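# Per-entry structural report
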Amino acid sequence: AQPVPGALLPADTGHGAVPSPLLRQDEQLELLERLDFVVRNIVELRKEVEELRNSLQHLAVEIVGEVRSHLEETQRVTRRRRFPFPRERSDSTGSSSIYFTASSGNANTDDGESEGGYTTANAESDYDRESERESEDEVSCDTVRTVRRDSLDLGPEDESPLVLDSTLEEGLGQLLEQADRLHSGDERDKREGFQLLLNNKLAYAGQREFLWRLARARCDVWELTEDVDQRRSCAAEGKEELELALQKWDQSAECHQWFAILCGRLSEHESISKRIQAGYVFKEHIDKAIALKPQDPQLYYLLGRWCYQVAHLSWLEKKTVSALFEAPPTATVQDALQNFLRVEELSPGFSKAGRVYIAKCYRELGNASAARLWMEMASELPGNTTEDAESEKELEEMRSL
């Protein structure tokens with residue numbers, strides 16, 4: 001028989017006394033009944049927890065079904081309402097700070113330059129145009145604040161991407177295609193594309209392809225507003241999102257590209273020291289993007305613009321950079337030319353502005369015949385962006401010299 005624990009022995013048991021249980025038989029029975037009651041309650045509680053788990057799973061299925069129904073309805077509306085915008089490229093990229101920051105979008109900026117995304121197809125809408133007209137003026141970077149950072153579950157503890165349900169995955173593909181089309185459209189389409197992505201952020205904030213497109217849309221909206229605070233808000237929120245995304249997807253060329261552009265955007269209204277710091281960040285992430293996607297002409301165009309800006313720093317700017325940093329950035333007109341020529345090698349006629357820059361580089365290097373040749377080649381291309389329009393003005397000035 002097992003010995004009785006000391007706690008169950010009477011306190012006054014002597015060395016010669018016979019030990020006896022602390023509890024009488026009726027007390028033991030009562031204790032057993034209580035223990036049995038506790039066990040029964042634990043079993044019932046486990047059943048309730050299991051039922052709750054099943055209910056939550058059922059609720060998740062219902063939510064997925066509702067999302068799918070919404071997406072199907074969205075696609076039906078889209079098919080009934082198409083807008084025949086001509087296919088045009090919006091890939092030209094500019095730099096609007098004194099030398100480091102890059103611009104993005106096709107709308108007018110303070111210096112007339114712009115930067116866009118990748119080539120996409122005809123723009124179309126999947127929202128009701130009537131309601132869009134009522135809310136269009138309200139779509140601004142302030143809207144971004146309605147979805148806070150805590151909805152973006154991208155902390156470093158997340159080692160693997162969120163695995164989507166097959167239905168949500170199908171919806172994501174349709175959403176990204178629609179966002180690309182709206183990005184290539186006019187101002188109204190760009191605003192609608194931004195709102196479309198913002199409305200789906202809670203569902204797809206853990207997806208890489210969604211996040212860099214949301215950053216691109218923020219750059220579009222940045223171009224469409226003149227308010228400095230709204231611009232700063234747009235750039236800051238986009239930079240924050242991609243900064244978190246890069247902790248998980250450091251091998252994404254698009255994340256690096258748009259992070260660099262947003263850093264430039266955010267620094268445009270900052271002090272010269274912050275713009276210089278942004279220049280270092282811009283160059284670092286563009287280099288990483290090129291290493292990951294070496295056949296992308298847009299990245300070389302961005303790098304060419306950066307080199308051209310650095311090569312044309314004023315004496316005062318160079319002194320400022322040297323005073324703030326031990327190793328100031330260095331680049332020459334020849335470096336810029338090589339990057340612009342690489343763009344043409346990968347995609348001939350990539351942009352009118354790119355060819356104008358090639359002509360400018362050749363002229364500054366003393367090769368007048370090559371400069372004239374590239375001026376003629378630039379004249380052959382249509383002006384698809386605001387930056388191309390500005391380049392046409394530069395061509396006229398170069399011809400008059």
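Only a predicted model underlies this, so the values are computations on that prediction, with no experimental measurement involved.

A word on the overall build of the chain. Across its full length, the chain carries 16 helices and 0 strands. Within the chain, counting contacts between residues at least 6 apart in sequence, those at least 24 apart form 73% of the total. Per element, the accessible surface of the chain, about 20,900 Å² overall, is 53% carbon and sulfur.

With the rule as written, the count across this model stands at 25 salt bridges. Arg-181 is the salt-bridge partner of Glu-177, the closest N and O atoms lying 2.3 Å from each other. Here Glu-177 and its partner Arg-181 are both found in helix H4 (residues 166-183), 4 residues apart, which amounts to about one turn of the helix. Judged by its relative accessible area of 40%, Glu-177 is partly exposed.

At their nearest, the axes of helix H11 (residues 297-311) and helix H13 (residues 333-346) sit 8 Å apart, and the two run at 165° to each other. Judged by the angle between their axes, H11 and H13 are roughly antiparallel. When you trace H11 past H13, the crossing you get is left-handed. On H13, the residues that touch Pro-297, Tyr-300, Tyr-301, Leu-303, Gly-304, Arg-305, Cys-307, Tyr-308 and Ala-311 of H11 are Val-333, Asp-335, Ala-336, Asn-339, Phe-340, Arg-342, Val-343 and Leu-346. Its residues assigned to classes, the contact of H11 with H13 comprises 12 nonpolar, 2 polar and 3 charged.

Right, let's get into the packing of aromatic side chains. Each pair of aromatic rings is reported with the distance of its centres and the angle of its planes. Applying the stated criterion across every chain yields a total of 4 aromatic pairs. Ring geometry for Tyr-308 against Tyr-357: centres 5.2 Å apart, planes inclined by 80°, an arrangement best described as edge-to-face. With a gap of 49 residues between them, Tyr-308 in helix H11 and Tyr-357 in helix H14 (residues 352-364) connect regions that are remote in the sequence. The same class applies to Tyr-308 as to Tyr-357, namely buried.

What follows covers a nonpolar patch on the surface. On the surface, Leu-29, Leu-31, Leu-32 and Leu-35 cluster together into a nonpolar patch covering about 390 Å² of accessible area. Counting through the fold element by element, Leu-31 comes out in helix H1 (residues 25-80). In this structure Leu-31 comes out as partly exposed when scored by relative accessible area, which is 42%.

For the rest of this paragraph, the subject is the packing of H13 against H14. At a minimum axis separation of 9 Å, H13 and H14 run at an interaxial angle of 145°. Between H13 and H14 lies a crossing of left-handed hand. Here Val-333, Ala-336, Leu-337, Phe-340, Leu-341 and Glu-344 of H13 lie close against H14, whose contacting residues are Gly-354, Arg-355, Tyr-357, Ile-358, Cys-361, Tyr-362 and Glu-364. The class makeup of the residues in the contact of H13 with H14 is 9 nonpolar, 1 polar and 3 charged.

Time to look at the nonpolar core. Of all hydrophobic cores here, the largest spans 70 residues; its most connected members are Phe-210, Leu-242 and Ile-286. Here this core gathers at least three residues from each of two domains, domain 1 (176-294) and domain 2 (307-400). The residues touching Ile-286, leaving out its near neighbours within four places in the chain, are Gln-257, Ala-260, Leu-299, Leu-302 and Leu-303.

For the structure shown, the criterion picks out 0 disulfides. Considering cysteine sulfurs only, Cys-234 is the nearest to Cys-219, which forms no disulfide, with 8.4 Å between them. On the basis of relative accessibility, which here comes to 1%, the residue Cys-219 falls in the buried class.

One can find Tyr-301 in helix H11. Linking Tyr-301 and Leu-337, residues 36 residues apart in sequence, is a C-alpha distance of 10.0 Å.

Let's shift gears to the confidence of the model for the chain. Counting all residues, the mean pLDDT for the chain is 75, and 68% of those residues have values of 70 or more. Per-element mean pLDDT across the chain ranges from 41 in helix H3 (residues 141-144) up to 97 in H13. Under a pLDDT of 50 for its full length, residues 1-18 has, in the predicted model, 8 contacts with residues more than four places off or in other chains. This model gives residues 80-162 a pLDDT under 50, and the stretch forms 273 contacts once residues within four places in sequence are excluded.

Rules behind the numbers
- All residue numbers refer to positions counted from 1 along the written sequence of the respective chain.
- With the structure being a predicted model, the display of local features is reserved for residues of pLDDT at least 70 and the display and counting of side-chain atom pairs for 80 or more, all residues being used for whole-chain, interface and lining totals.
- Just so you know, side-chain values use all the structure's heavy atoms and leave hydrogens and water out.
- Strands are runs of DSSP state E lasting at least two residues, helices are runs of H or I lasting at least four, and both sets are numbered from the N terminus onward.
- Residue contacts follow a heavy-atom distance rule, with two residues in contact if any of their heavy atoms lie within 4.5 Å.
- Reported accessibility uses the Shrake-Rupley method at a 1.4 Å probe radius. Residues are deemed covered only where the shown protein chains occlude them.
- Salt bridge, as applied in this entry: a Lys or Arg side-chain nitrogen positioned within 4 Å of an Asp or Glu carboxyl oxygen.
- Per-residue accessibility, obtained with a 1.4 Å probe over protein chains only, is compared with the maximum for each type, and a residue is labelled buried under 20%, exposed over 50%, and partly exposed between these values.
- Axis lines are fitted through C-alpha atoms, for helices just across the contact stretch, and the angle between N-to-C directions can take any value from 0 to 180 degrees.
- The cut-offs work like this: below 35 degrees is roughly parallel, past 145 is roughly antiparallel, 65 to 115 is roughly perpendicular, and the gaps in between are oblique.
- By convention the crossing between two helices is left-handed if the near helix lies anticlockwise of the far one by an angle smaller than a right angle, and right-handed if it lies clockwise.
- Here the nonpolar group is Ala, Val, Leu, Ile, Met, Phe, Trp, Tyr, Cys and Pro; Asp, Glu, Lys and Arg are the charged ones; every other residue, Gly included, is treated as polar.
- Only Phe, Tyr and Trp rings are paired, with Trp represented by its six-membered ring, and only when their centres lie within 6.5 Å; those with planes under 30 degrees apart are stacked, over 60 edge-to-face, the remainder tilted.
- A patch consists of residues whose relative accessible area exceeds 30% and which take part in no salt bridge; residues with like charges are grouped when within 9 Å of each other, and nonpolar side chains (Val, Leu, Ile, Met, Phe, Trp, Tyr) when within 5 Å.
- Residues grouped as a nonpolar core are buried Ala, Val, Leu, Ile, Met, Phe, Trp, Tyr and Cys residues, joined through side-chain atoms within 4.5 Å.
- Marked domain ranges trace back to an automatic or database domain assignment.
- Throughout, a disulfide means two cysteine sulfur atoms within 2.5 Å of one another.
- As a per-residue quantity, pLDDT reports the predictor's confidence and falls between 0 and 100.

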